[in-house]
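Below, each chain spelled out in residue letters.
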Amino acid sequence: PLFFSVTKTPSRAPELLPSLSSKKKETAIVVDTHMASAMSWSDLENADGVRFSFNCWPDDRQSAQKCILPLGALVTPLKPIQDVPVVPYEPVRCKACAACLNPYAQIDFNSKLFVCPFCHARNNFPPHYAGVTEQNLPAELFPNYLVIDYTVNLNKATPTPAYLFLVDVCVSDEELTSLKASLTQALTLLPEDSLVGLISFGTHVHVHELQFAECPKSYVFRGGKEHTSAQIRDQLTFSRGGGGPQQQQQQQQYQSQNQNPNVQQQQSYQQMNPASAFLVPLSECEFTFSAILEELARDPFAPLPESRHNRATGTALAVAATLLSLGCPSGHPARACLFVGGPCTEGPGNIVPKALENATRSHKDIMQDKAPLFTKAKKKYDAIATQLCTNGHSLDVFACALDQVGLAEMKGCAQKTGGAVILAESFSHEVFKKSFMKLYGSQNKPDPSPESAPTSSDEVTPLKVHSNGIFEVITSRDVKVAGCVGPCAALDTARRNSGNVADVSIGYGGTTAWKMCALTRNTTLAVFFEVAKDKPDGVGGDGGYGQNPYGQQQHHQTAPQFFLQFHCTSTLPSGETRLRVITTTRRWTNGQNIPEISMGFDQEAAAVLIARQLTWKMEQDDELDGPAATRWLDRKLIGACQRFGEYRKEDPHSFQLAPQFSLFPQFMFNLRRSQFVQVFNNSPDETTYFRVVLWRENVLNSLVMIQPTLTAYSFNGPPEPVLLDVCSVAPDRILLLDAYFSVVVFHGSTIAQWRKAKYQEQEEHKAFADLLKLPREDANYILNQRFPVPRLVDCDQNGSQARFLLAKLNPSATHTSQGSPYGHAGGSDVIFTDDVSLQVFMEHLKRLSVSD
């Protein structure tokens, strides 16, 4: 074993390593700008799960603002990292800033104290660390353990997770049958001890009681009426005392026992929980749940002619949030799963009138304030999101309809709680079926190791969902937190870390801690920072800067360093609670040292940070529409090129960028054309869906959304990546486009003719059959590894669905280009568009960058 126990210590004491002499003394990672030539930024991300836009920061506020691009970090708290130690005790924290003990702390082994590298406060070791010596160190002081997992609350019994399903009964019979089949299959995959509940809604909301199979019944709430949480609670607990003093005392007793459980004195769930009739262990109600699902029928209240169905989605969500708060107190993992097939037209939260003559709101209606129901509905759903976040519960939205369902209004419910959002055409579509099974059918599968990879294209990567998470950032004294953009909700920590909060917020600001009700190993938060120093300090700084682990001076460094620490507490699907602590450091440099700042630039991380910042601004400012957002993005790009480019004034031909910036203009060109900025031809629900997914995915997946990947398959050689350009289209090629939300298999005209002639079925053309099979296998691999599951499009050149590929390509050859027959010179295809090409974009960028 790695550790051995120290004698005469409490149960929470760390187990210390026997000796340093038997292990190689590794050096903690101190990122130098010259490391960029030896290793990529993705390699550093694999070590700690963090990527910075700039890995060498200007040492004063004015110089940082001149960098134009944001100073930020993309943090993946649960990223699988190889050889991360898991220790069975709680961390030692600084008494001043609450930072955890880490390898960068200065240790005084004689006095048994350490100096915090963040606030420079002197802290005494706790009594059970009395045996710490230079040869006998706990795991958190080892230089190579900059990422460490602590197992906290070892003696606390974690309650089983709860799943509350909300089923829309206004859909067609075929849709309802497909949905019921998926729910029945999910029941067989959930843990047997998990709590399940069922709510069906249409004109009214029905809360089904699952405890008594002999006499099934449901509690009905009027869909068109506004119900407060107190009224819903009283109605659901009427048979148990109507919310009187006895019932309230019983609920308080259950919550206190849930927070401090004692297995010997704990009463049964059915006797203590006030919502035990509606949230029942699956092992006890599986037959009842299946029977109710089988008998579930469409809403009996048929709509009037030329009218929409009466759908009370807002009331159903309000009832679900109150039911979960009643049966699953704060800290109890629970998920509400909304299956909706149309817009809300009844009661609070409705987004469109019932008459079909009234069209559903569009982007133009929202920007011109012509959507009278939008603001009121959004306010209603935001209140529900606050209730869910308060109790640590999440909401998953499965919107399966050709019409809009109101996802733009209820975005906060899913975004702030970390719930999944799936947008599909129907409940029988493969996108819904595979995504639903991937989310709820993998909780019992073991976690894959970080170095392992699926060997088969049909092997599905399990989606492990952690619950009840809290993400916190600790910074050095000269760094302030501006905010966070991601699937989280801000927490109030002003009483403790008010000095580390920036005045200007980006995203969810005004705090250094955020609530994450649900998160996976790909969940990534974008944290924005601000330099607090007004004047650059001298090299070396004060006591905390420029120190390596154990307080020894680093004479090889020419600039001081600052420290950042990220804390993420979450509950695993197994019920275990862990705290992951990530400690990292970067260097200061003189604000005028442009070459060194450029050497530490990560263009991929910067592109993702810019995309999140821009989409956040578009969500908050209705006047920042597509053209205004494009101008904002252009100003950022031109300013960055003027700051970091090399050129002579008024000479565009002399303009050049460093290799670290070479791809950044291309990323911005594709971001300008993406569905995140250009909302034309997309509904508000579709735009919301795209942005919700962008805000939670890691750097690699986000880059695929911004700039899709294109792979070519031909007889000329093995598969190879090709330019995202129309010139890559050829008759004898098969192209595979990965745009994240869709995967396109595009067959050239010659390949399509051979396939239609069924040459692949002939023995002498086995090579052609293998060529057709290879891109489909790669596409299936992408579909099985990704969540949400993308849409698969199989199309041919000059076919109707070829637009899915052509819309993503650089229009280097259009109908206005010179040549024949449509003006292109020798190309195999053209794009009918008025958009400028990447070449024209770069010419204009050079001209504007070198001008005064």
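In what follows, the accompanying structure is described. (Residues numbered from 1 in each chain as written. Predicted model: local features only at pLDDT ≥ 70, side-chain atom pairs only at ≥ 80, totals over all residues. Heavy atoms only, no water.)

## A short note on the packing of aromatic side chains
Note on aromatic pairs: each is described by the distance of the centres and the angle between the planes. With the rule as written, the count across this model stands at 43 aromatic pairs. Centroid distance W57 to F562: 4.5 Å. Interplanar angle 35 degrees. Geometry classified as tilted. Taken together, the positions of W57 in strand β2 (residues 56-58) and F562 in strand β22 (residues 561-571) put the pair 505 residues apart, joining distant regions of the chain. Linked through ring pairs, Y163, F165, F289, F339, F398, F427, F432, F436 and Y440 together constitute an aromatic cluster. Above the face of the W695 ring, K411 is positioned so that its terminal group lies 4.1 Å from the ring centre. Sitting over the ring of W588, K533 keeps its end group 4.2 Å from the ring centre. (Phe/Tyr/Trp six-rings, centres within 6.5 Å; stacked < 30°, edge-to-face > 60°. Helix = DSSP H or I, 4+ residues; strand = E, 2+ residues; numbered from the N terminus. Lys NZ or Arg CZ within 6 Å of the ring centre and 35° of its normal.)

## Details of helix α12 (residues 430-440)
For α12, a buried count of eight out of eleven residues is recorded, marking the element as mostly surrounded by other parts of the structure. Within α12 the residues assigned to the buried category are V431, F432, S435, F436, M437, K438, L439 and Y440. (Buried < 20%, exposed > 50% of the residue type's maximum accessible area, 1.4 Å probe, protein only.)

## What about the sheet that holds strand β5 (residues 106-108)?
Spatial strand order, β5-β6-β7: three strands in an open sheet with antiparallel pairing. Strands with a single pairing partner mark the edges of an open sheet, and in this sheet they are β5 and β7 (122-124). Across the sheet, the axes of successive neighbouring strands diverge by a mean angle of 25 degrees, strand direction being ignored. As judged from the three bridges shared by β5 and strand β6 (residues 113-115), these two strands associate in the antiparallel manner. Bridge pairing in β6 links I107 to F114. (Pairing = 2+ DSSP bridges. Axes fitted to C-alpha atoms, helices over the stretch in contact; angles between N-to-C directions.)

## Side note on the sheet that holds strand β29 (residues 742-747)
Reading across the sheet, the five strands line up as β27-β26-β28-β29-β30 and stay open at both edges, with mixed pairing between neighbours. With one partner strand each, in any of the chains shown, β27 (717-721) and β30 (791-796) form the two edges of the open sheet. Going across the sheet, the axis of each strand differs from the next one's by a mean of 15 degrees, ignoring polarity. Here three bridges tie strand β26 (residues 709-714) to β27, and the two strands are oriented antiparallel to one another. Bridge pairing links A712 to E720 in β27. Contacts from helix α20 (residues 749-756) reach β28 (734-738), β29 and β30, with the element oriented near 80 degrees to β29. (Contact = heavy atoms within 4.5 Å.)

## Looking at a nonpolar patch on the surface
A cluster of nonpolar side chains, namely F715, W754 and Y759, defines an oily patch on the protein surface of about 290 Å² accessible area. Here W754 lies in helix α20. Judged by relative accessible area, W754 falls into the partly exposed class, the value being 32%. (Patch = residues over 30% accessible without salt bridge, like charges linked within 9 Å, V, L, I, M, F, W, Y side chains within 5 Å. Areas by Shrake-Rupley, 256 points an atom, 1.4 Å probe, with all protein chains shown as cover. Salt bridge = Lys/Arg side-chain N within 4 Å of Asp/Glu carboxyl O.)

## A look at the nonpolar core
In terms of nonpolar packing, the biggest core is built from 138 residues, with W57, L166, F471 and F529 touching the most fellow members. In terms of residue count, the dominant contributor to this core is helix α15 (residues 603-620) (ten residues). In this structure W57 touches F52, L71, V479, F529, V531, F562, R587, W588 and T589, once residues within four positions along its chain are discounted. Residues L179, A186, L296 and F339 belong to the second largest nonpolar core, which totals 39 residues. (Core = buried A, V, L, I, M, F, W, Y, C linked by side-chain atoms within 4.5 Å.)

## A closer look at the state of the cysteines
This model, assessed by the stated rule, comprises zero disulfides. You can see C488 has no disulfide; the closest cysteine sulfur is in C484, sitting 3.9 Å from it. When its relative accessible area of 0% is taken as the criterion, C488 is described as buried. (Disulfide = S-S within 2.5 Å.)

## Section: the packing of helix α3 (residues 173-187) against α12
Across the interface, α3 lies against α12 with an axial gap of 10 Å and an inter-helix angle of 20 degrees. Relative to α12, α3 is oriented roughly parallel. Between α3 and α12 the crossing geometry is right-handed. Side by side, α3 and α12 meet where L179, S182, L183, Q185 and A186 of the first sit next to F432, K433, F436 and M437 of the second. (Parallel < 35°, antiparallel > 145°, perpendicular 65-115°, else oblique. Left-handed = near helix turned anticlockwise from the far one by under 90°.)

## Thoughts on the packing of helix α8 (residues 313-327) against helix α10 (residues 374-391)
Between two packed helices, both the angle of their axes relative to each other and the distance between the axes serve to describe the pair. Two numbers describe how α8 lies on α10: the axes approach to 10 Å, and their chain directions differ by 15 degrees. The orientation of α8 relative to α10 falls into the category roughly parallel. When you trace α8 past α10, the crossing you get is left-handed. Here T313, G314, L317, A318, A321, T322 and S325 of α8 come into contact with α10, specifically with K380, Y381, I384, Q387, L388 and N391. Among the residues making up the contact of α8 with α10, the classes are represented as six nonpolar, six polar and one charged. (Nonpolar A, V, L, I, M, F, W, Y, C, P; charged D, E, K, R; others polar.)

## Overview of unusual backbone geometry
Look at the link from F787 to P788: it is a cis peptide, with omega at -5 degrees. With phi around 70 degrees, A98 is a residue other than glycine that occupies positive phi space. Inspection of the secondary structure assignment puts A98 in the loop between β4 (86-87) and β5. The buried category is assigned to A98, whose relative accessible area is 9%. Phi angles above zero are rare outside glycine, and E650 is one such case at about 60 degrees. Tracing the chain through its elements places E650 in the loop between β24 (646-648) and β25 (651-656).

## Re the pairing of β28
Counting buried positions along β28 gives five out of five residues, so the element sits mostly inside the fold. Where β26 meets β28, five bridges bridge the pair, whose relative direction is antiparallel. Considered in β28, the bridge of T711 is made with L736. As defined by bridge partners, β28 adjoins β29 across five bridges and the pair is classed as antiparallel. Each bridged residue has a counterpart across the sheet, and for L735 the counterpart in β29 is F746. Following β28, the chain reverses through three residues before pairing antiparallel with β29; Y740 in that reversal takes a positive phi of roughly 70 degrees.

## Focus: the pairing of strand β18 (residues 479-485)
Side chains on a regular strand alternate between the two faces of the sheet. Within β18, seven of the seven residues are buried, which leaves the element mostly enclosed by the surrounding structure. Of the strand pairs in this sheet, β18 and strand β21 (residues 525-531) are connected by six bridges, and their pairing is antiparallel. Residue pairing for β21: C484 is matched across the bridge by V527.

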